[in-house]
Amino acid sequence: MPIKVDSSKCTGCGLCEKSCPFGAISIEDRAKANKPHPKFKKIAVISSACTLCGACVDVCPFGAISVTAEKKETDDIALYKGVWVIAETEGDEIHSVTFELLAKGRELADKRKTYLGCVLIGFGIRQKAEEIISSGADKVFVCDNKALEVFVDNAYVEGICGIIKKEKPEIVLLGATAIGRAIASRISGRLKTGLTADCTGLDIDHQGLLVQTRPAFGGNIMAEILTAYNRPQMATVRHKVFKPLSKDLSKRGEVIEFGLPENLKLQTKVKKFVEDVTQKVNIADADIIVSGGRGVGGPDGFKVIEEFASALGGAVGASRAAVDSGWIPYSHQVGQTGRTVCPKLYVACGISGAIQHLVGMQSSDVIVAINKDPSAAIFKVATFGIVADLFEAIPAIIGEIKKIRS
Ligand SMILES: Cc1cc2nc3c(=O)[nH]c(=O)nc-3n(C[C@H](O)[C@H](O)[C@H](O)COP(=O)(O)OP(=O)(O)OC[C@H]3O[C@@H](n4cnc5c(N)ncnc54)[C@H](O)[C@@H]3O)c2cc1C
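Residues numbered from 1 in each chain as written. Predicted model: local features only at pLDDT ≥ 70, side-chain atom pairs only at ≥ 80, totals over all residues. Heavy atoms only, no water.

### Comments concerning the environment of glycine 314
With respect to the helices and strands, the residue glycine 314 is situated in the loop between helix H8 (301-312) and strand S18 (315-318). Through-space distance from the C-alpha of glycine 314 to that of alanine 286 is 6.7 Å; in sequence the pair is 28 residues apart. If sequence neighbours within four positions are ignored, glycine 314 has contacts with Ile288 and Ala309. (Helix = DSSP H or I, 4+ residues; strand = E, 2+ residues; numbered from the N terminus. Contact = heavy atoms within 4.5 Å.)

Rendered as structure tokens:
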């Protein structure tokens with residue numbers, strides 16, 4: 001390990017154990033650790049959970065901990081230009097997260113005064129390049145190859161790494177989908193650069209660096225992460241965090257073909273696809289969502305939420321508190337560890353507005369909050385707030401909807 005504890009200096013005082021944000025340090029008996037010392041009985045032992053953050057090095061009063069890892073910087077940072085989106089395809093269709101990333105990518109590229117590129121990789125997808133250009137891209141890098149007919153991670157990774165090494169984009173964005181997550185980590189590993197997963201915000205700072213915002217330490221803080229010394233700066237973003245641009249059919253762009261490496265060996269063979277039929281509810285696609293939280297009081301309380309959702313023609317969502325209580329299945333959960341949603345209307349009923357819930361719904365067009373506590377945090381993001389008992393407010397609203405409809 002590139003982090004070492006000097007057993008002649010460590011007193012086993014435990015300050016490093018307390019300072020470690022990852023719980024990677026334990027204070028153990030020297031005899032057990034086979035590190036005898038004439039005076040001290042204990043020693044700090046560092047586990048593989050260590051991220052080399054260096055917090056323990058700074059806190060150790062005896063200079064007993066050292067990190068020997070070298071900082072590997074990208075040599076030619078100034079040569080990296082352009083903001084890229086890696087398009088995701090579903091058969092011969094493009095996943096909507098791609099258009100959302102193109103919208104954010106356009107904004108970032110304009111701030112950096114550079115071009116917006118998009119990698120379109122798959123089979124039978126070449127004709128989609130125009131749609132990508134009309135959605136914001138200036139250049140589309142297309143790799144259309146029979147070997148990519150079904151998703152095989154190493155083929156995608158090799159193809160994308162090849163074109164990144166050649167063209168040197170400064171920023172690369174991917175969807176935080178199953179495919180995006182599978183390839184982003186491998187690409188960043190091969191290119192020896194940083195990757196920030198599940199960003200909820202992206203911007204450019206005064207130095208021109210990508211500011212990657214995401215919840216950290218169990219969602220208790222929103223961290224702003226910079227990849228200062230390596231390129232490209234890579235981030236994944238969940239579906240529905242950003243909004244797509246409306247298409248500009250008059251926009252023109254460049255289409256550049258690229259191929260897979262000649263000696264590519266596929267390490268995986270897909271035998272067959274088995275559809276997952278357990279996910280009956282896809283709240284991520286709903287235009288109207290009515291969500292219930294702990295305030296609904298139990299599984300029966302969700303009947304009122306279902307009735308409200310049905311009156312509005314929407315889907316039912318939930319906070320984690322309601323899901324963890326077993327009142328409603330996980331597939332309904334909205335938030336950091338559930339779904340990210342962006343409906344036209346989001347109604348939060350009996351939900352306090354914890355940050356982990358907000359990151360999953362705050363970009364909804366209109367947010368209505370019903371809560372009996374006027375100081376609930378949900379009101380800070382709500383377009384309209386109703387301070388009331390949900391069991392009184394919801395039947396009254398349903399009654400009004402029925403009156404209008406009749
Ligand atoms: C790592 C991590 C990940 C997490 N991920 C998620 C996530 O994905 N999604 C998520 O939602 N949470 C998540 N959480 C949990 C989050 O921190 C909150 O605990 C949770 O969102 C609270 O749910 P709630 O608002 O339903 O409950 P509470 O915070 O208990 O709020 C209940 C609200 O209901 C109101 N209320 C009570 N009775 C009524 C009534 N009759 N009428 C009207 N209002 C009423 C109360 O005033 C209160 O504001 C996560 C937490 C952690 C640490």
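### Observations regarding the packing of H8 against helix H12 (residues 390-405)
Here H8 crosses H12 at 25°, and the two axes come no closer than 10 Å. As summarised for this structure, H8 and H12 are arranged roughly parallel, according to the angle between their axes. In terms of crossing hand, the pair formed by H8 and H12 is left-handed. From H8, Gly301, Val304, Ile305, Glu307, Phe308, Ala311 and Leu312 reach across to H12, where they touch Phe391, Ile394, Ile397, Ile398, Ile401, Lys402 and Arg405. Among the residues forming the contact of H8 with H12, the class breakdown is 10 nonpolar, one polar and three charged. (Axes fitted to C-alpha atoms, helices over the stretch in contact; angles between N-to-C directions. Parallel < 35°, antiparallel > 145°, perpendicular 65-115°, else oblique. Left-handed = near helix turned anticlockwise from the far one by under 90°. Nonpolar A, V, L, I, M, F, W, Y, C, P; charged D, E, K, R; others polar.)

### Description of the environment of lysine 251
One can find lysine 251 in the loop between strand S15 (233-237) and strand S16 (254-257). A residue is classified by how much of its surface remains accessible, and lysine 251, at 19% relative accessible area, is buried. Sequence-wise, lysine 251 and alanine 137 are 114 residues apart; in three dimensions their C-alpha atoms are separated by 8.9 Å. In this structure, lysine 251 is in contact with Arg106, Ile133, Ser134, Gly136, Ala137 and Asp138, ignoring residues within four places of it in sequence. Among the polar contacts made by the side chain of lysine 251, one reaches the main-chain carbonyl oxygen of alanine 137 at a distance of 2.7 Å. (Buried < 20%, exposed > 50% of the residue type's maximum accessible area, 1.4 Å probe, protein only. Polar contact = N/O pair within 3.5 Å; in protein donor to acceptor, adjacent residues only side chain to side chain.)

### As for the pattern of salt bridges
On inspection of all chains with the given rule, the structure shows 24 salt bridges. Here aspartate 198 makes a salt bridge to arginine 238, at a shortest N to O gap of 3.9 Å. Linking aspartate 198 in strand S11 (residues 195-199) with arginine 238 in the loop between S15 and S16, this pair joins segments that are 40 residues apart in sequence. Like aspartate 198, the residue arginine 238 is buried in the burial classification. Ionic pairing is found between glutamate 400 and lysine 403, a salt bridge with its closest N-O pair at 3.1 Å. Here glutamate 400 pairs with lysine 403, and both are found in helix H12, just three residues apart, close to one helical turn. (Salt bridge = Lys/Arg side-chain N within 4 Å of Asp/Glu carboxyl O.)

### Section: the domain arrangement of the protein chain
Buried accessible area, meaning the area lost when the parts come together, often serves as the stated size of an interface. Domain annotation of the protein chain identifies domain 1 (3-67), domain 2 (77-257) and domain 3 (283-405). Taking only C-alpha atoms, the centre of domain 1 and the centre of domain 2 are 40 Å apart. (Domains from an automatic or database assignment.)

### Some thoughts on the site of the ligand
Among the 26 residues in the neighbourhood of the ligand, the closest are listed as Arg294, Ser319, Thr337, Ser352 and Asn371. One of the side-chain N or O atoms of serine 319 is found 2.6 Å from an oxygen atom in the ligand. Contact between the ligand and threonine 337: a nitrogen atom at 2.6 Å from a side-chain N or O atom of the residue. Alone, the ligand offers 990 Å² of accessible surface; in the complex the protein occludes 78% of this. The set of elements that each furnish at least two residues to the shell around the ligand consists of helix H9 (320-324), helix H10 (355-358) and H12. Counted by class, the shell around the ligand contains seven nonpolar, 14 polar and five charged residues. (Near = heavy atom within 4 Å. Areas by Shrake-Rupley, 256 points an atom, 1.4 Å probe, with all protein chains shown as cover.)

### Points about the pairing of strand S17 (residues 288-292)
Remark: a regular strand shows side chains that alternate across the two faces of the sheet. Taking burial as the measure, the five residues of S17 include four buried ones, the bulk of the element. Sheet topology places S17 next to strand S19 (residues 345-349); five bridges connect them, and they run parallel. Each residue of the ladder has a partner; that of serine 291, found in S19, is alanine 348. Of the strand pairs in this sheet, S17 and S18 are connected by four bridges, and their pairing is parallel. Bridge pairing links glycine 292 to alanine 318 in S18. With H8 bridging S17 and its parallel neighbour S18, the resulting β-α-β unit is right-handed. (Pairing = 2+ DSSP bridges. Right-handed = clockwise from strand over helix to strand, strands pointing away.)

### Considerations on the packing of aromatic side chains
By the definition in use, this model includes two aromatic pairs. Here the basic side chain of lysine 139 rests over the ring of tyrosine 115, its NZ or CZ set 4.2 Å away from the ring centre. The ring of phenylalanine 99 carries the charged tip of lysine 247 above its face, separated from the ring centre by 4.4 Å. (Phe/Tyr/Trp six-rings, centres within 6.5 Å; stacked < 30°, edge-to-face > 60°. Lys NZ or Arg CZ within 6 Å of the ring centre and 35° of its normal.)

### Thoughts on unusual backbone geometry
Note: most residues except glycine have negative phi, and most peptide bonds are trans. Note the cis peptide between arginine 231 and proline 232, where omega equals -5°. Turning to its location among the elements, proline 232 is positioned in the loop between strand S14 (221-225) and S15. In this structure, lysine 168 is a non-glycine residue whose phi angle is positive, near 55°. Within the secondary structure layout, lysine 168 lies in the loop between helix H6 (153-167) and strand S10 (171-175).

### Thoughts on the nonpolar core
Note on soluble globular proteins: their nonpolar side chains tend to be buried together. Counting 30 residues, the largest nonpolar core has Leu102, Leu120, Ile132, Val140, Leu173 and Leu202 as its most contacted members. The set of elements that each furnish at least two residues to this core consists of strand S5 (83-86), helix H4 (96-112), strand S8 (116-122), helix H5 (129-134), strand S9 (139-144), S10, strand S12 (201-204) and S15. With six residues, H4 is the single largest residue contributor to this core. Setting aside residues up to four positions removed in sequence, leucine 120 forms contacts with Ala87, Thr89, Ile94, Ile125, Lys128, Ala129, Ile132, Val140, Phe141, Val142 and Cys143. (Core = buried A, V, L, I, M, F, W, Y, C linked by side-chain atoms within 4.5 Å.)

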